Amino acid sequence: MAMDPKHFRNTLGRFATGVTVVTVNDGETSRGMTANAFSSVSLDPPLILVCVDQNATCLEMIRNAKKFNVNFLAEKQKDLSDWFAGKGRDAEDQFSELDYDMGENTTPVLKGNIGLLECELFNEVPGGDHTIFVGLVTRALFEEDVKAPLLYYASSYRKMDLDAEFN
Ligand SMILES: Cc1cc2nc3c(=O)[nH]c(=O)nc-3n(C[C@H](O)[C@H](O)[C@H](O)COP(=O)(O)O)c2cc1C
């Protein structure tokens, strides 16, 4: 029997994640896409993956650019998540009002991120209605001060209580 998509989504939603914005620059345009289908893959070589919807505008851009960045969002950056998941889709220049730099790979780096992975496209794997982009990490940066991440759980953004550590 076919899996009910809503039930499947709701079940997956019980896996808590952080939130990333995947950024790309193809030499002409920069774009970003909110993504939580992100995972580490390998330490040696350093590989990560992100699953991108076949209909996402940035899909072809990543293929063409052969590089992308993964920005790990801080709790304070919820607006950026909203922007790159919807409201900013039709903006001619998604970055014109944003605080960002260009990374060493000339791909946008969102200021205030809590972690950054600059990647070369290592491999592309078919994944149903998504494409799995495997990235070879060429530069990794993180915020030394442990700052609250933006979380996504059960279809909602959540906050982490950084003081609530297990002993
Ligand atoms: C919390 C959250 C996580 C998301 N994760 C993904 C993801 O992992 N992969 C994906 O393709 N779309 C994901 N989306 C949807 C995309 O951000 C959205 O469809 C985006 O507008 C597509 O980018 P485009 O403008 O390049 O088409 C997510 C949205 C939200 C709000």
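Look a little higher up for the structure.
Residues numbered from 1 in each chain as written. Predicted model: local features only at pLDDT ≥ 70, side-chain atom pairs only at ≥ 80, totals over all residues. Heavy atoms only, no water.

Before going further, it helps to spend a moment on the packing of aromatic side chains. Here the structure, examined in full by the defined rule, presents four aromatic pairs. Pairing Phe38 with Phe72 gives two aromatic rings, centres 5.3 Å apart and planes at 70 degrees, and the pair type is edge-to-face. Taken together, the residues Phe38 in strand β4 (residues 38–42) and Phe72 in strand β6 (residues 67–72) connect sequence positions 34 residues apart. Note on Phe72: relative accessible area 26%, which makes it partly exposed. Between the aromatic rings of Tyr152 and Tyr157, the centroid separation amounts to 5.3 Å while the plane-to-plane angle is 70 degrees, which identifies the pairing as edge-to-face. Classification of Tyr152 by relative accessible area gives partly exposed; the value is 29%. Given the relative accessible area of 26%, Tyr157 is considered partly exposed. (Phe/Tyr/Trp six-rings, centres within 6.5 Å; stacked < 30°, edge-to-face > 60°. Helix = DSSP H or I, 4+ residues; strand = E, 2+ residues; numbered from the N terminus. Buried < 20%, exposed > 50% of the residue type's maximum accessible area, 1.4 Å probe, protein only.)

We now examine the site of the ligand. In the vicinity of the ligand there are 18 residues, among which Arg31, Thr34, Cys51, Asp53 and Arg89 approach most closely. Contact distances for the ligand include 2.7 Å between an oxygen atom and a backbone N or O atom of Asp53. Bound to the protein, the ligand loses 84% of the 640 Å² it would expose on its own. Of all the elements in the fold, those that place two or more residues in the shell around the ligand are β3 (30–35), β5 (47–53) and α3 (78–87). The biggest single contributor to the shell around the ligand is β3, with four residues. (Near = heavy atom within 4 Å. Polar contact = N/O pair within 3.5 Å; in protein donor to acceptor, adjacent residues only side chain to side chain. Areas by Shrake-Rupley, 256 points an atom, 1.4 Å probe, with all protein chains shown as cover.)

Bridge count for strand β2 (residues 20–25) against β6 is four bridges, and the pairing is antiparallel. Bridge pairing links Thr20 to Phe72 in β6. Note that β6 and strand β9 (residues 115–127) share six bridges and pair antiparallel. Looking across to β9, one finds that Phe68 is bridged to Cys119. (Pairing = 2+ DSSP bridges.)

This next bit is on the sheet that holds strand β11 (residues 150–153). Ordered by their spatial adjacency, three strands build an open sheet running β1-β11-β12, and the pairing between neighbours is antiparallel. The sheet terminates laterally at β1 (17–18) and β12 (156–159), the two strands that pair on one side only. Here β1 pairs with β11 via two bridges, running antiparallel. Bridged to Thr17 within β11 is Tyr152.

Counting residues in each nonpolar core, the largest one holds 19 residues, and the members touching the most others are Ile48, Val50, Val52, Cys58, Ile62, Phe68 and Phe133. Contributions of two or more residues to this core are made by β2, β3, β5, α2 (58–65), β6, β9 and β10 (130–142). With five residues, α2 is the single largest residue contributor to this core. When near neighbours in sequence (up to four residues on either side) are disregarded, Val50 contacts Val22, Ala35, Ala37, Phe38, Phe68, Thr131, Ile132 and Phe133. The next biggest cluster of nonpolar side chains, apart from the first, holds eight residues, and it includes Val19, Val21, Phe95 and Leu110. (Core = buried A, V, L, I, M, F, W, Y, C linked by side-chain atoms within 4.5 Å. Contact = heavy atoms within 4.5 Å.)

The next thing to look at is the pattern of salt bridges. The tally for this structure, following the rule as stated, stands at eight salt bridges. For the salt bridge of Asp99 with Lys111, the shortest nitrogen-to-oxygen distance reads 3.9 Å. Of this pair, Asp99 sits in the loop between α3 and β7 (100–102) while Lys111 sits in the loop between β8 (108–110) and β9, placing them twelve residues apart in sequence. When its relative accessible area of 40% is taken as the criterion, Lys111 is described as partly exposed. Two residues, Glu118 and Arg139, come together in a salt bridge whose shortest N-O distance is 3.1 Å. With Glu118 in strand β9 and Arg139 in strand β10, this residue pair connects regions lying 21 residues apart in the sequence. A relative accessible area of 24% means that Arg139 is categorised as partly exposed. Here the salt bridges share partners, and the residues they tie into one network are Glu60, Arg63 and Glu124. (Salt bridge = Lys/Arg side-chain N within 4 Å of Asp/Glu carboxyl O.)

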